[in-house]
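Coordinate analysis (summary)
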Amino acid sequence: MIPPQFDYVRATSVEHALELLAEHGDDAKLLAGGHSLLPMMKIRLANPAVLIDIARIPDLSYVRDEGGTLAIGALTKHAMVASDPLVALNAPLLAHSAAQVGDPQIRNRGTIGGSLVHGDPAADLPMAVVALGVTLVVVGPSGRREVPVEDFFEGYFQTAVGEDELLVEIRVPSRPGVGWGYQKFVRRANDWAIVGVAAVGAGADAQVALGNMGNKALRASATEAALAAGASIADAAALADEGTEPQADMHADAEFRRHLVKVLTRRALESAAS
Amino acid sequence: MSEADPMRLNGRAIPGEPAPGQCLRTYLRENGAFGVKKGCDAGDCGACTVHVDGAPVHSCLYPAARAAGREVTTIEGLSGADGALAPMQQRFLDAQGFQCGFCTAGMIMTAAALDDEQMADLPRALKGNLCRCTGYRAVGDAICGIRHVEPAPAGDTVGRAVGAPAGPAVVTGSARYTLDIDVPGLLHMAVARSPHAHARIVSVDDSAALAVPGVRLVLTHLDAPKRHFSTARHEDWRDDPQDTLILDDVMRFVGQRAAAVVADSQGAAEAGARALAIEYAVLPAVIDPELAMVPGAPVIHPKDPATRISDPDRNIAAQVHGHLGDIEAGFAEATVIHEARYRAQRLQHAALETHCAIGWMDDGVLTVRSSTQTPFLTRRGLSEALGIPVERVRVLCERVGGGFGGKQEMLTEDLVALAVLRLGEPVKLELTREEQFVATTTRHPMVIDVRMGARADGTLSAMQLTVLSNTGAYGNHAGGVLFHGCGESIGVYRCANKKVDGHAVYTNTVPAGAFRGYGLSQVIFAVESAMDELARGLGLDPIEFRLRNVVRPGDPMVSTTDELDDVVYGSYGLDQCLNAVRTALGNRAADTAEAPDGWLVGAGTALAMIDTVPPNGHRGEARVSLAADGRFLLEIGTAEFGNGTTTVHAQLASTALGAAVGDIRIAQSDTTLVGHDTGAYGSTGTVVAGAATLQAATALRGTVEAAAAKLYGGPARLVEGVVLCDDRRIELSRLYADAAEAGIALSETGSNDGTPRSISFNVHGFRVAVDPATGEIRILRSVQAADAGRVMNPLQLRGQVEGGIAQAIGAALYEEVRLDDAGSVITRTFRGYHVPTFADIPPTDVFFAETHDSVGPLGAKSMSEAPFNPVPAALANAVRDATGVRFTRLPLARDAVWRGLAAAGVPDSQDRSLTPQDSTGEATQ
């Protein structure tokens, strides 16, 4: 499969990338790791005329402790997120979920920002950042803005990042020592989640996110509310599918997903509480 | 890519620029790095893994332009400048961590970059590299530095763990697969495929396609000869209905070839194919095989009886009917009867090398280099389909990247040949992974109604099978698979009353074809499940029940007819196999995994018998010659696609000739080498082709000794690479020269016609744990005992068995080619069609029965397809034991298992305590 022909330009800075986006408009796509975009181009779900390579922009690959917040550059590769000691200490759920992305080859190229902007509801990182309550920093022609994660994912492969904008940083609340759970149900080891659940904290503080239970990563609001009201894990988990709209596809039907999400939520909360 | 900032490939600056949009994989191959393979072109398989600045990446997902200024290392660059193997290459050689080797370069590149932490967790570290042949045990051993290859003294090589002759080439990336040659002026083909399950082509407007720069030729049904053939390759063409054209005006499944475009580049060919305007008149389609036989259903092949279609008006491609004894009397005698409908799903072989071929004209001879199991039969097929004399066609293959039966078909060669004959220029067709799923053959899905009865004394009284096999849009292998499936599956049991009715039915779906096991894996799933139920009904241990009923030497092996055929008890190790599995499963301490709390645990077994050679004749032919350098040249017709038979041929020849394995040079799989060879199917590589090699080599020993006696006087003996005449040592190179001068030919041919035939056995056992909350099945113990006769090469045999088990575990748990209601395949990538990864395959203990076959060469029997066959039934029986629920449909997918348990009221232990796996937050696998 040969992807459509495209022109290739390399951005040297964030400003340069924004200029190139302004210049090429809808015809352009940003290329970070390329591990989501290129497969879509080969099957012609994406047909950009220009690829703007942002992988070599300096200073967008970092993990910094900013006192209560971890700042992670959008071009930080999954392998680095998975192995960074600051992430392991302050957001172990994020380190774990980054280690689940794809395979080592993919983790060597794929970036946290690229995965989030891709907006796949079945992917690992979206549900992790929803559970963690991160803030996303986006720059565009009108400057820099911060987007809370609940406003970031808009639907299948849709995020709040505009066509002329660039995600530059993920800001993660530091919670050293907090319990967490991560459940990813797959048929085979190297797959996207049929259903995934990420949980941080326990009891009234618990934050639970669901993967592949709708067109974007979701908070398990009913479960969280029940926990806040003092319900047991088992009772709260039984509400996990409330408000979700899981799809039926070749991997599972909606009924199985609704059942699974309750089982997995219970297991994730039990992990987080232990 | 500028000259100031070039990409460096294996230390060398690469001048020039990649094409706009080109990926690194194809760019590296254009620059000679043929070790970089295409398995999927979508980042799912890892066969194209290379290092960029030392880190492994999928080169198919890496735009070539972005490698500017980077150091790219491929398998070719991993070895030292002096050619010394890198440590990881040496490890793969020492452990023989490969079979077909197509995934090996990528696997080694990934493995070579593992750090200590990753080495300690290979299941995760190797997520990105698929292997379809080995079952991963050998790969894991290689990475961990476990050495398996043993030295083999000259003349004493059979039975030893000899490494594959191609091993050094495989681990260095220099092994040449079908497309790994640089052909000047090569043109590229792309195929436009039908979007309709059933339609007639009204017109093809090719003007826009021909206007695409670089497009040279458009082929439609108007260009193709009206000569029907079958894509199935069999020694006897009458085995298959002749229902296929190279290009037809009737589309019978979504994905059928509608037209082909040839162009200067692959991109132009694909653009041309997209630009074709094809007008279709849509016809009524039938997707469900049960509906296809109903009167009034659309007739898919309205053809005359000369095509050998069994009943065209009822869409029946082939049928089998037969009975022994009195089936109803048998049921009347039964204390226990089991009756159920079983379903075995459609599977893809998923060989990592997709179907591909390159053709060219060579001095008036149409020459096709193909990824095939059957070069001679493909030559015959091309001759018939194109109407050219067989002498004007040559077919060859070099290394083949996996087959599993899928390459016992002619699926690319005919179209390539048509284009070559039109243009007179070299043409290539390489199927994409999506085309592989949509348009190449699959396992026959079957619905099997089983009714079996047993007496209170534990003996079978009646076995009845009613089988509906879905052959898809074409009848290739329809009859053979149906017949074979209903053969050894019940022939292995002593029972006076048997009845079989089977139909192979056309539907407007992707054609089925030859698949490892050739019908047996489907029917054995049903029969062995039923045997388990009967044992339970009688209160007998299932293995004990089988021991009471299996045939023993002297019993007739019959299924549908009591006519004598040529299958004999060349050896018999079934009792050994059953006892070995019983003993192994009895030892709980040997389990390789633990059941989490709250999961349900049980064990199950199943057996399989297979004839060592297919019926209706199978010819192997080989020639062995003394070469000028004093080594031997072994020329064999059959093909090797990862099953290790070439190694066995070298061992057989070296043993007969008293030579070292390394002194046997092998040329194979080329129609110019020998007269006629049926090829590599039906697990014949050792028992038929190997017998031919052994015969040729044995004859050559006599010829060499006679020539030496004549030339030098006195009795001559060929020993360890020299001839001893009395007390003189004559070097073989000298003998060659002297014989040539004297006009004595030192070359002998051997052949074997594949009759009589013997039988092989496999018994599999599992212990599993089942999570009632999610339907997940975890394998706690896997054991298989195989009766392959005398073991020619324990290392390769074990690999072959493990690979079959791994493929079958995928088939038992999740693999399925799925269609939508309109008959279109929806599992079009490795993301939709799941092939097991390293993490998915548990270790299996493999036992070999100690037998010596009287039919096969030096006591050997076949063991290529067979390890697959008992596995799904053994797994279903273990799940039955664990849960009390009988699953009758494959795969045992998690949702299906959960639903089945819920429907049966199996309690979901919601309140169980945490398991270690849960509490670490580890992903559920």
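Use the structure listed above.
In this report, the structure presented in the accompanying data block is examined. (Residues numbered from 1 in each chain as written. Chains lettered and ligands numbered in written order. Predicted model: local features only at pLDDT ≥ 70, side-chain atom pairs only at ≥ 80, totals over all residues. Heavy atoms only, no water.)

Here we take up the overall build of chain B. The number of helices and strands found in chain B is 27 helices and 31 strands. For a compact globule of 925 residues, the expected C-alpha radius of gyration is about 29 Å, and chain B comes in at 28 Å, within 12% of that figure. Taken along the three principal axes of its C-alpha coordinates, chain B extends 80 × 75 × 65 Å. The contacts in chain B between residues at least 6 apart in sequence include a share of 79% that link residues at least 24 apart. For chain B, the separation between the mean place of its 81 positive charges and that of its 109 negative charges on side chains is 0 Å. (Helix = DSSP H or I, 4+ residues; strand = E, 2+ residues; numbered from the N terminus. Rg over C-alpha atoms; globule rule 2.2 N^0.38 Å. Contact = heavy atoms within 4.5 Å. Lys, Arg positive; Asp, Glu negative; His and termini not counted. Charge placed at Lys NZ, Arg CZ, Asp CG, Glu CD.)

Each helix and strand counted, chain A has twelve helices and 14 strands in total. Counting only C-alpha atoms, chain A reaches 55 × 45 × 35 Å along its principal axes. Split into buried and exposed, the 274 residues of chain A put 61% on the buried side. Relative to all contacts within chain A whose residues are 6 or more apart in sequence, the contacts with residues 24 or more apart total 60%. One finds the centroid of the 23 positive side-chain charges in chain A at a distance of 6 Å from the centroid of its 33 negative side-chain charges. (Buried < 20%, exposed > 50% of the residue type's maximum accessible area, 1.4 Å probe, protein only.)

On to the nonpolar core, then. Grouped burial of nonpolar side chains is what soluble globular proteins tend to show. Within the largest apolar cluster, 166 residues are counted, with the highest numbers of intra-cluster contacts made by Phe92, Leu465 and Val768 of chain B. Among the elements that make up this core, the one with the highest residue count is helix H18 (residues 520-538) of chain B (eleven residues). Apart from the residues lying within four places of it in its own chain, the contact partners of Phe92 of chain B are Gly97, Phe98, Thr104, Met107, Ile108, Ala111, Val139, Ala142, Ile143 and Val171 of chain B. One finds Val147, Leu167, Ala198 and Ala209 of chain A within the second-largest nonpolar core, a separate group that totals 42 residues. (Core = buried A, V, L, I, M, F, W, Y, C linked by side-chain atoms within 4.5 Å.)

Moving on to the interface of chain B and chain A. Interfaces are often described in size by the accessible area the parts lose on coming together. The interface is formed by 70 residues belonging to chain B together with 57 residues belonging to chain A. Here chain B and chain A share an interface that buries about 5,600 Å² over both sides, 51% of which is from carbon and sulfur atoms. At the junction of chain B and chain A, the tally comes to seven salt bridges. Of the charged contacts in the structure, one is a salt bridge between Arg187 of chain A and Asp895 of chain B, with a shortest N-O distance of 3.5 Å. Linking chain B with chain A are 25 residue pairs in polar contact (both at pLDDT 80 or more). Secondary structure elements with two or more residues in the side of chain B that touches chain A: strand E4 (55-58), helix H6 (122-125), helix H10 (266-275), helix H26 (894-903) and helix H27 (916-919) of chain B. When its residues are assigned to classes, the side of chain B that touches chain A shows 27 nonpolar, 23 polar and 20 charged. (Buried area = accessible area lost by both parts, 1.4 Å probe. Salt bridge = Lys/Arg side-chain N within 4 Å of Asp/Glu carboxyl O. Polar contact = N/O pair within 3.5 Å; in protein donor to acceptor, adjacent residues only side chain to side chain. Nonpolar A, V, L, I, M, F, W, Y, C, P; charged D, E, K, R; others polar.)

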